[in-house]
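Chain by chain, the residues:
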Amino acid sequence: MIVFHYRSLILAFALLLSGCSILQPVSPPVLKEYRLEAASMAKSMVSSPSSLSIEISTIRAVPELDSRHMLYVQHPYQIERFQQSEWQQKPASMLTPLVVAALEASGLFQVVLRSPNPTNVNYRLELELVQLEQEFTTYPSVIHLGLRAYLTENKSHTIVAWQEFNVTQAAPTEDAYGGVIASRLATTEVLRQLVELCRSHVGQTNATP
């Protein structure tokens, strides 16, 4: 009889401890936030300073990229979202200052402004983010970055150039952080190509807005 009570007490104590652990709140996973960045562009040395100006319109994004979600593809045609990682801001918003910095460093323009602004400018650059996702159907996984650009001469409202840039960059690790590192390299390359597009279609002579 004493042994029976002793075993009953042990069982009751074990159940009590088990119940306490079940009732304890489960800590939610830590959400990690990442910035979209690019390598700093070397400042171009030009023989004669430019007097041209350009306005960068607010960068648009296709609907699936108009949020802070980080997207990935594990199966063809199926886009998913990382559950524990997201962008610090919408990617298009983080891309804007990177474009401004790249064009300022290019030496092509005396003034680089963000939209909206009341100043008359020579050119306007409109951009749309059309792709930013990490694909795991290959090894290593890769980042796909797509950006569409329209360069307009402001006085005549004529589109002087347009191009869609598509860059694929391998990720160093098979996770969201690896995608962030690859995104930085891909963004740097897209900005380089964007500057070259402007260089090919923007005159270095003085122009009146």
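Just above, that's the structure.
Residues numbered from 1 in each chain as written. Predicted model: local features only at pLDDT ≥ 70, side-chain atom pairs only at ≥ 80, totals over all residues. Heavy atoms only, no water.

### Points about the pairing of strand 2 (residues 53-56)
Right, so step 1: Burial along strand 2 is two-sided: Ser53 and Glu55 facing one way and Ile54 and Ile56 facing the other are all buried.
Right, so step 2: In this sheet, strand 6 (residues 111-114) lies alongside strand 2 in parallel orientation, the contact comprising 4 bridges. When the bridges of strand 6 are listed, glutamate 55 appears paired with leucine 113. (Buried < 20%, exposed > 50% of the residue type's maximum accessible area, 1.4 Å probe, protein only. Helix = DSSP H or I, 4+ residues; strand = E, 2+ residues; numbered from the N terminus. Pairing = 2+ DSSP bridges.)

### Regarding the pattern of salt bridges
Side chains that differ in charge, positive against negative, can pair when their charged atoms come close.
Right, so step 1: Taken as a whole and judged by the stated rule, the model has 10 salt bridges.
Right, so step 2: Glutamate 33 is the salt-bridge partner of arginine 68, the closest N and O atoms lying 2.7 Å from each other. Of this pair, arginine 68 sits in the loop between strand 3 (60-61) and strand 4 (69-75) while glutamate 33 is found in strand 1 (residues 32-34), placing the two residues 35 residues apart along the sequence.
Right, so step 3: Among the residues examined, glutamate 33 registers a relative accessible area of 43% and is labelled partly exposed.
Right, so step 4: Two residues, arginine 60 and glutamate 126, come together in a salt bridge whose shortest N-O distance is 3.7 Å. Within this pair, whereas arginine 60 is found in strand 3, its partner glutamate 126 is found in strand 7 (residues 123-135), the two being separated by 66 residues in sequence. (Salt bridge = Lys/Arg side-chain N within 4 Å of Asp/Glu carboxyl O.)

### Regarding the packing of helix 2 (residues 91-106) against helix 3 (residues 176-201)
Right, so step 1: At a minimum axis separation of 10 Å, helix 2 and helix 3 run at an interaxial angle of 50°. By the angle class used here, helix 2 and helix 3 are oblique. For the pair helix 2 and helix 3, the crossing hand works out as right-handed. Where helix 2 approaches helix 3, its residues Leu95, Leu98, Val99, Ala102, Leu103 and Ser106 are matched on the opposing element by Thr187, Leu191, Leu194, Val195, Cys198 and Arg199.
Right, so step 2: Classifying every residue of the contact of helix 2 with helix 3 gives 9 nonpolar, 2 polar and 1 charged. (Axes fitted to C-alpha atoms, helices over the stretch in contact; angles between N-to-C directions. Parallel < 35°, antiparallel > 145°, perpendicular 65-115°, else oblique. Left-handed = near helix turned anticlockwise from the far one by under 90°. Contact = heavy atoms within 4.5 Å. Nonpolar A, V, L, I, M, F, W, Y, C, P; charged D, E, K, R; others polar.)

### Here's the deal with the environment of arginine 68
Right, so step 1: By relative accessible area, which is 30% here, arginine 68 ends up partly exposed.
Right, so step 2: Considered as a pair, arginine 68 and tyrosine 34 are 34 residues apart in the sequence and their alpha carbons are 9.7 Å apart.
Right, so step 3: In this structure arginine 68 touches Glu33, Glu86, Trp87, Gln88, Gln89 and Lys90, once residues within four positions along its chain are discounted.

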